[in-house]
Amino acid sequence: MSTQHIRLEDLLGATGRSFESAQEELGLDEGMQTRLMFEDAEFEIKVQGLGMDAKNRLVFTPVNLSSLSGTGITAEAVSTIRVHYVASRPDPAWESSPEKSRDEVVSEAAGRKDIQRLGDILGELSYQAKYQPDTKAWTVRVADNKDRTVRLLLINDKKT
């Protein structure tokens with residue numbers, strides 16, 4: 001039996017970093033999200049000597065060829081740890097926050113000549129602005145005093 005013990009959390013961390021590195025090396029265009037490339041990945045390791053360390057973390061001794069040759073380890077003494085990584089899309093709110101404020105976006109929309117002209121014709125206009133983190137842009141709904149949509153605008157979030 002090998003005397004080298006491995007903490008499960010260290011193995012999982014190293015494996016996760018390895019998957020991330022492999023995705024980055026795929027040569028994706030700028031702006032593509034590499035974390036969405038691998039839908040899932042799985043690895044399996046045969047171990048013996050499962051236990052806990054002094055800090056109550058799971059540790060194990062991996063089975064290797066030298067431990068199998070000539071020592072008579074039986075199949076019942078070997079355990080399997082199987083880890084399945086599944087990709088998930090992060091919450092867009094955590095992914096990025098807008099550069100512009102909602103008030104700045106509404107002011108930009110209201111300052112456009114075409115929107116000002118609509119205001120001259122239709123009267124007071126209302127604005128609803130919503131940030132779209134996937135496109136890093138704002139959608140602005142411009143409505144008349146009867147809440148009818150008169151314009152839908154897409155405004156880039158980059159400050160100039």
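The coordinates are above.
Think of each chain on its own: its residues are numbered from 1, step by step along the sequence as written. In keeping with the model being predicted, local features are shown solely for residues with a pLDDT of at least 70 and side-chain atom pairs are shown and tallied solely at 80 or more, while totals for entire chains, interfaces and linings include all residues. Calculation of side-chain values draws on the structure's entire complement of heavy atoms; hydrogens and water are dropped beforehand.

Engineer: Can you lay out the environment of Val86 for me, pointing to particular residues and giving the numbers?
Structural biologist: Residue placement: Val86 occurs in strand S4 (residues 79-86). For the pair Val86 and Glu42, spaced 44 residues apart in sequence, the C-alpha to C-alpha distance is 8.7 Å. In this text, helices come from DSSP runs of H or I with a minimum length of four residues, and strands from runs of E with a minimum of two, each type numbered from the N-terminal end.

Engineer: Provide a residue-level description of the sheet that holds strand S2 (residues 40-52), including the pertinent values.
Structural biologist: A pair of strands counts as paired when DSSP detects no fewer than two bridges linking them. Overall, antiparallel pairing links the four strands, which are arranged S1-S3-S2-S4 in an open sheet. Each edge of the open sheet is held by one strand with a lone partner, namely strand S1 (6-7) and S4. Inspection of the sheet shows S2 paired to S4 by eight bridges, in the antiparallel sense. Looking at the pairing, Glu44 lines up with Arg82 of S4.

Engineer: Quick one: what's the story with the packing of aromatic side chains, residue by residue and with numbers?
Structural biologist: A pair of aromatic rings is counted whenever rings of Phe, Tyr or Trp (Trp by its six-membered ring) have centres within 6.5 Å, and the orientation is called stacked for planes under 30 degrees apart, edge-to-face for over 60 and tilted otherwise. Counted by the stated rule, this structure contains one aromatic pair. Aromatic pair Tyr131 and Trp138: ring centres 5.4 Å apart, planes at 55°, arrangement tilted. Neither Tyr131 nor Trp138 differs from the other in exposure class; each is buried. Think of it in three bands: with a 1.4 Å probe and only protein chains considered, a residue is buried below 20% of the maximum accessible area for its type, exposed above 50%, and partly exposed in between.

Engineer: Can you break down unusual backbone geometry residue by residue, with the values?
Structural biologist: Positive phi, normally seen in glycine, also occurs at Lys136, with a value near 50°. Note on placement: Lys136 falls in the loop between strand S5 (126-132) and strand S6 (137-143). Backbone geometry places Asp147, a non-glycine residue, at a positive phi of 60°. Secondary-structure assignment places Asp147 in the loop between S6 and strand S7 (149-156).

Honestly, that's just the spatial picture; any functional story needs more than this.
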